[in-house]
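Reading the structure
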Amino acid sequence: MKKVYFAALLSLSLMTANAQEPNIPMGMFGGFGQQQTNVKFDEYVAAPAGFDKERAGIKRGKVQLIEYKSESVGTTRKANVYLPASYDGKKKFGVLYLLHGIGGDEWEWMNDGGVPNIIMDNLYADGKVADMIVVMPNGRAAKDDSRAGGMGSAAAFGEFDKDLIGSLIPYIEKNFSVYTDKNHRAIAGLSMGGGQSLNFGLGNLDKFAYVGGFSSAPNTMRAAQLIPDVDKVKKENKLLWMVCGGADGLMFNSTQLKAFCDENNIPCVLINYPNEGHNFTVWKYGLYNFAQLIFK
Ligand code: FER
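Note that this is a predicted model, so its numbers are computed, not measured. (Residues numbered from 1 in each chain as written. Predicted model: local features only at pLDDT ≥ 70, side-chain atom pairs only at ≥ 80, totals over all residues. Heavy atoms only, no water.)

1. A few points about the overall build of the chain
Filter applied, for reference: Counting from the N terminus, the helices are the DSSP runs of H or I reaching at least four residues and the strands are the DSSP runs of E reaching at least two. For each residue, the accessible area found with a 1.4 Å probe, counting protein chains only, is set against the maximum for its type, and the residue is called buried under 20%, exposed over 50%, and partly exposed in between. Contacts are assigned to residue pairs that have any heavy atoms within 4.5 Å of one another. To be clear on the numbers: accessible area is Shrake-Rupley with a 1.4 Å probe, and residue cover counts the displayed protein chains and nothing else.
When you go through the chain residue by residue, the secondary structure sums to 10 helices and eight strands. Across the 296 residues that make up the chain, the buried fraction comes to 57%. For the chain, contacts bridging at least 24 residues in sequence account for 77% of all contacts bridging at least 6. For the chain, the exposed surface amounts to about 12,300 Å²; the carbon and sulfur share of it is 52%.

Structure follows, in structure tokens:
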């Protein structure tokens with residue numbers, strides 16, 4: 001991962017304007033070490049010890065790799081799906097789409113330290129979450145969607161909404177016992193996946209009622225573009241929740257949105273994880289908290 005972030009820094013000056021951000025001056029990209037916006041953060045409450053540790057004597061869910069045909073990309077693509085122990089194929093569940101970062105793929109949350117299955121198993125065991133499955137796709141909507149793409153695949157991350165909404169969501173809703181309305185669909189992600197979640201979630205208020213951004217990257221659209229209709233977002237979005245490490249140079253992507261929301265009285269949470277950088281400590285905390293707030 002470290003290598004990827006270094007590459008990200010290096011390539012900043014080479015970046016051309018992101019298709020998602022047509023009106024943003026290049027200076028705004030800033031990368032790590034962006035300008036700051038002062039906002040009042042929401043209270044940080046530490047997650048209980050052991051929230052991310054495998055616990056003995058509880059029921060465990062399982063993670064399965066699925067493949068689906070992507071119309072927009074023109075390939076067969078992969079995603080991991082966490083099914084809780086209580087998933088029996090009969091009762092209907094909500095769906096959380098959980099996205100990865102620039103250096104990741106459909107395995108990043110599972111294999112790079114996110115332990116989403118363990119966090120979810122523990123939350124279920126404690127009765128802290130509503131019924132949901134968690135879908136972890138590959139957010140790089142390109143024929144070659146391997147991790148090797150690095151910064152060069154930033155544009156493919158911007159194309160993922162077509163694959164997600166056009167192919168993956170229909171596949172999940174056809175093949176799993178899940179609700180199919182926006183109030184049972186959530187989207188959240190880390191870094192590039194956080195930016196995608198804010199862009200696609202707020203950009204498709206008819207598809208997602210719950211939106212989360214963890215350490216969102218500079219692919220995050222500026223607030224006025226993300227929220228062109230303040231009243232609509234107030235009416236249709238049920239949760240806009242963000243977290244970012246206090247020592248993460250990407251904080252600006254979150255604070256610019258938080259400041260806009262505060263000015264316009266749009267409910268929005270932004271937690272500053274004290275002294276933390278751009279890493280899974282923050283992202284695990286994000287999943288732990290976001291999962292408890294959705295579908296309730
Ligand atoms: C950038 C710095 C970091 C950027 C993206 C990232 C698009 C993404 C980091 C990640 O996903 O972990 O300037 O520009």
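2. Here we look at the sheet that holds strand β7 (residues 239–245)
Formally: Each pair of strands is called paired provided DSSP finds at least two bridges between the two strands. Convention adopted: a line fitted to C-alpha atoms gives each axis, helices being fitted over their contacting stretch, and angles between N-to-C directions are expressed from 0 to 180 degrees.
Taken in spatial order, the eight strands make up an open sheet running β1-β2-β4-β3-β5-β6-β7-β8, and their pairing is mixed. Edge positions in the open sheet fall to β1 (62–70) and β8 (269–273), since each of these has one partner strand only. Strand-to-strand twist across the sheet, computed as the mean angle between neighbouring axes with direction ignored, equals 20°. Where β1 lies against strand β2 (residues 75–83), nine bridges are found, and the strand directions are antiparallel. Directly across from valine 63, in β2, lies its bridge partner tyrosine 82. Helix α6 (residues 192–203) rests against β3 (94–99), β5 (185–190), β6 (210–214) and β7 of the sheet, and its axis sits at about 150° to β5. Of the strands in this sheet, β3, β4 (132–137), β5, β6, β7 and β8 are in contact with helix α10 (residues 280–293), which crosses β7 at around 160°.

3. What to know about the side chain of serine 70
With respect to the element layout, serine 70 can be found in strand β1. Beyond its immediate stretch of four places on either side in the chain, serine 70 contacts Thr75, Arg77, Asp163 and Ser167.

4. A look at the pairing of β7
We apply this condition: If you view a crossover with the strands going away from you and the path from the first strand over the helix to the second runs clockwise, you call it right-handed.
The element β7 is largely enclosed, with a buried count of seven among its seven residues. Two strands pair when backbone bridges link them, and β6 and β7 are joined in this way by five bridges, in the parallel orientation. Bridged to glycine 213 within β7 is methionine 242. This β-α-β element, β7 to helix α9 (residues 252–263) to β8, shows right-handed connectivity.

5. Quick word on the packing of aromatic side chains
Under the convention used in this document: Stacked, tilted and edge-to-face are the three classes applied to pairs of Phe, Tyr and Trp rings, where Trp contributes its six-membered ring and a pair requires centres within 6.5 Å; stacked means planes under 30 degrees apart, edge-to-face means over 60, and tilted covers the rest.
For the structure shown, the criterion picks out 15 aromatic pairs. An aromatic cluster is defined as three or more aromatic residues linked by ring pairs; in this entry it consists of Trp109, Phe214, Trp241, Phe280, Trp283 and Phe290.

6. Side note on the confidence of the model for the chain
Defined as follows: Every residue carries a pLDDT, the predictor's confidence in it, which falls somewhere between 0 and 100.
For the chain, the average pLDDT comes to 91, and 88% of its residues sit at 70 or higher. Every residue in residues 1–30 is under pLDDT 50, and counting partners more than four places away or in other chains gives 45 contacts.

7. Re the packing of helix α3 (residues 116–125) against α10
Defined as follows: What makes a crossing left-handed is the near helix being turned counterclockwise from the far one by less than a right angle; a clockwise turn instead makes it right-handed. In this classification, the charged set is Asp, Glu, Lys and Arg, the nonpolar set is Ala, Val, Leu, Ile, Met, Phe, Trp, Tyr, Cys and Pro, and all remaining amino acids, among them Gly, are polar.
Where α3 meets α10, the axes come as close as 10 Å, and the angle between the chain directions of the two elements is 35°. Where α3 crosses over α10, the handedness of that crossing is right-handed. Contacts between α3 and α10 involve Pro116, Ile119, Met120 and Leu123 from the former and Lys284, Leu287, Tyr288, Ala291 and Gln292 from the latter. For the contact of α3 with α10, the class distribution of residues is seven nonpolar, one polar and one charged.

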